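# Examining the three-dimensional arrangement
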Amino acid sequence: MASPMRSLLTDPARYLQSFRLFLANSTEHQCMQEFMEKQLPDVIASIGNGKSTINVLSIGGGAGEVDLLILSKVQARYPGVTINNDVIEPSADQISKYKERVAETSNLENVKFTWHEETAYEYESRMNAEKKSKKWDFIHMIQMLYYVKDVPATIQYFHSLLEAQAKLLIILVSGTSGWETLWKKYGSSLPLDDLCLYVSSADIKRILDSAGLKYQLHELPSHMDITSCFIEGNKNGELLLDFLTETYEFSKTAPPELKRQVIEELRKPECSEKRDGKVLFNNNLSVIVIEP
């Protein structure tokens, strides 16, 4: 009998709802913000040397929250320089939120925004069809490599678009995170469709090493409060379980034994720690900075 389980990505509204709850319950954006404040200035220290225009490519820019933080650091390092910021983002809803955010943000006079409502693969195909290969001074892929079909090819393609002083920055879940544990153990039982891959920094390191690319790795500690996942019938808990398993209504559609095992796994030290009466899931991230 076919399992009633289906990928969370088949219901964009519920996916967005669970994703927003994940952001509210986790230190995801705070730990990225801290990295942008403290370490990004060193990463971008030479990307615009001697240039009158800096070209930045954001792949999977979402609603632009992290993008604008990055741009503020580029502006601080290269005051007054024109920045072309191109954004590849398949969701029309996210792009309109991004545009609203730009409209509400001051000091963006020297930044020119161009949005492309397409996936990374569609962008690559379009550029190849138009026989274009624009070079970039800074390319970033933040939490988006789960949604590409061929990770090595995607990294290779965008790496080939780097200027001599440029950097390619990737942020995704760490190989030491609870995600890695959960995916390795239960990935094959979950309704993963071809919209989403289980990939962590451990996989990216292997890809970069075998391609002989030079990179630096930074670990960002992060956690997510999943206490509500253990309260039967709790709406937020059910949404977070959906997000953790990438499964639409996991609590209602998963076989009882699988549900029991996943919930048990989430309590284990490989996935979470107990602190102040809460269960905090290990949401550690890795930042990988790749040289041209």
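Attention here is on the structure that accompanies the text. As a convention, each chain's residues are numbered from 1 in the sequence order in which they are written. Reporting in this predicted model follows two pLDDT cut-offs: at least 70 for local features of residues, and 80 or more for side-chain atom pairs to be given and counted; totals over whole chains, interfaces and linings ignore these cut-offs and use all residues. Hydrogens and waters are ignored; side-chain quantities use all the structure's heavy atoms.

With that settled, the discussion passes to the packing of helix α8 (residues 178-186) against helix α12 (residues 256-267). It is the contact of α8 with α12, at a shortest axis distance of 11 Å, that shows an interaxial angle of 155°. With respect to each other, α8 and α12 are oriented roughly antiparallel. Crossing handedness for the pair α8 and α12: right-handed. On α12, the residues that touch Thr-181, Leu-182, Lys-185 and Tyr-186 of α8 are Leu-258, Gln-261, Val-262, Glu-265 and Leu-266. Grouping the amino acids of the contact of α8 with α12 by side-chain chemistry returns 5 nonpolar, 2 polar and 2 charged. What counts as an axis is a line fitted to C-alpha atoms, over the stretch in contact for a helix, and the angles between N-to-C directions run from 0 to 180 degrees. The way it works is that DSSP assigns letters per residue, a run of H or I at least four long becomes a helix, a run of E at least two long becomes a strand, and they are numbered from the N terminus. Throughout this description, any angle smaller than 35 degrees is read as roughly parallel, any larger than 145 degrees as roughly antiparallel, any in the 65 to 115 degree range as roughly perpendicular, and the remainder as oblique. By the definition used in this description, the sense in which the near helix is turned from the far one sets the handedness, with an anticlockwise turn below a right angle giving left-handed and a clockwise turn giving right-handed. Contact criterion: two residues are considered in contact whenever any of their non-hydrogen atoms come within 4.5 Å of each other. Lys, Arg, Asp and Glu make up the charged group, whereas Ala, Val, Leu, Ile, Met, Phe, Trp, Tyr, Cys and Pro make up the nonpolar group; the residues left over, Gly among them, are polar.

Whenever Lys or Arg places a side-chain nitrogen within 4 Å of a carboxyl oxygen from Asp or Glu, that contact is recorded as a salt bridge. Here the structure, examined in full by the defined rule, presents 21 salt bridges. Taking the shortest distance from any N to any O, the salt bridge between Lys-73 and Glu-37 comes out at 2.8 Å. Here Lys-73 is found in helix α4 (residues 65-77), whereas its partner Glu-37 is found in helix α2 (residues 28-38), with 36 residues between them in sequence. Here Glu-37 falls in the partly exposed class, since its relative accessible area comes to 39%. A salt bridge links Glu-257 to Arg-260, with the shortest nitrogen-to-oxygen separation between them at 2.7 Å. Note on classification: 1.4 Å probe, protein chains only; a residue is buried when its accessible area is under 20% of the maximum for its type, exposed when over 50%, partly exposed between these limits.

A few words now on the nonpolar core. Residues enter a nonpolar core if they are buried and are Ala, Val, Leu, Ile, Met, Phe, Trp, Tyr or Cys, with the set joined through side-chain atoms within 4.5 Å. If you look at the biggest cluster of nonpolar residues, it comprises 92 residues, and the most contacted ones within it are Leu-145, Ile-155, Phe-158 and Ile-204. At 8 residues, strand β5 (residues 162-173) tops the list of elements feeding residues into this core. What Phe-158 contacts, discounting residues up to four positions off in sequence, is Leu-57, Ile-59, Ile-88, Ala-120, Tyr-123, Ile-139 and Met-141.

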